[in-house]
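Each chain, written out:
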Amino acid sequence: MSYNCRPDHYSGRQFFVAKKYCRKKRVFLIFKENYFGKELVYNTTGGKYMDIFKFMVPEIIFGRGTLSLIGESALRLGATRVLLVSDQGVVDSGWVDEAVRHLKDVGLEYRVWSEPTENPKDYEVDHGKELYLEAGCDAVVGVGGGSAIDAAKAVALLATNGGKIHDYEGVDKIDKPL
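Report follows, based on the coordinates. None of the values given here were measured: they were computed from a predicted structure.

1. Quick look at the nonpolar core
- With 15 residues, the main nonpolar core has Leu 83, Val 85, Trp 113, Val 125, Tyr 132, Cys 137 and Val 155 as its most contacted residues.
- Mapped by element, the contributors of at least two residues to this core are strand E6 (81–85), helix H4 (122–135) and helix H5 (146–161).
- Element by element, the count of residues in this core is highest for H5, at six residues.
- Residues in contact with Cys 137, not counting those within four places in the same chain, are Arg 81, Val 82, Leu 83, Arg 111 and Tyr 132.

Written out as structure tokens, the structure is:
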């Protein structure tokens, strides 16, 4: 899927046209970017406006060399003080030190939490949320494998929506954006 960008002349917002080929038919999907992601606005297969879909993922960057973008990405999303969530293996590899250096390079304050274990426990996530609140953080960044990323998402959920992690078992339990 490739994106071409053109400004919306009415509001100054950006629209993205995603070109996708389906059964030798060209399909254009038009997305409107907003704070929470992109909303599907128009699909040319039927020529009719479709329902709007919201993707609640601010930014995911992966691949070789992307750790160097961590500070710029957090800053772009409005962060001023970051809780960096990782695990001891990633700390030992030196990646957390590198991530911290990139956060410092753009002037962000940070707190490192590297205590989550494999398959983070509810009490670990509660502790991470308390660290986030005590440090006055306004963003969570996960660096590492699945457990660190899961812990980071859970801390962001609890920090913005409150409660305990078990309160969110099921579907449509989250009221506020992370």
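2. Brief notes about the side chain of Asp 87
- Tracing the chain through its elements places Asp 87 in the loop between E6 and helix H2 (88–93).
- No salt bridge is formed by the buried Asp 87; the nearest opposite charge belongs to Lys 121, separated by 12 Å.
- Within polar-contact distance, the side chain of Asp 87 engages the backbone nitrogen of Val 90 at 2.9 Å.
- Each residue touching Asp 87, except ones within four places of it in the same chain, is listed here: Ser 114, Pro 116, Val 143, Gly 145 and Ala 148.

How each quantity is defined
- Residues numbered from 1 in each chain as written.
- Predicted model: local features only at pLDDT ≥ 70, side-chain atom pairs only at ≥ 80, totals over all residues.
- Heavy atoms only, no water.
- Core = buried A, V, L, I, M, F, W, Y, C linked by side-chain atoms within 4.5 Å.
- Buried < 20%, exposed > 50% of the residue type's maximum accessible area, 1.4 Å probe, protein only.
- Helix = DSSP H or I, 4+ residues; strand = E, 2+ residues; numbered from the N terminus.
- Contact = heavy atoms within 4.5 Å.
- Lys, Arg positive; Asp, Glu negative; His and termini not counted.
- Salt bridge = Lys/Arg side-chain N within 4 Å of Asp/Glu carboxyl O.
- Polar contact = N/O pair within 3.5 Å; in protein donor to acceptor, adjacent residues only side chain to side chain.

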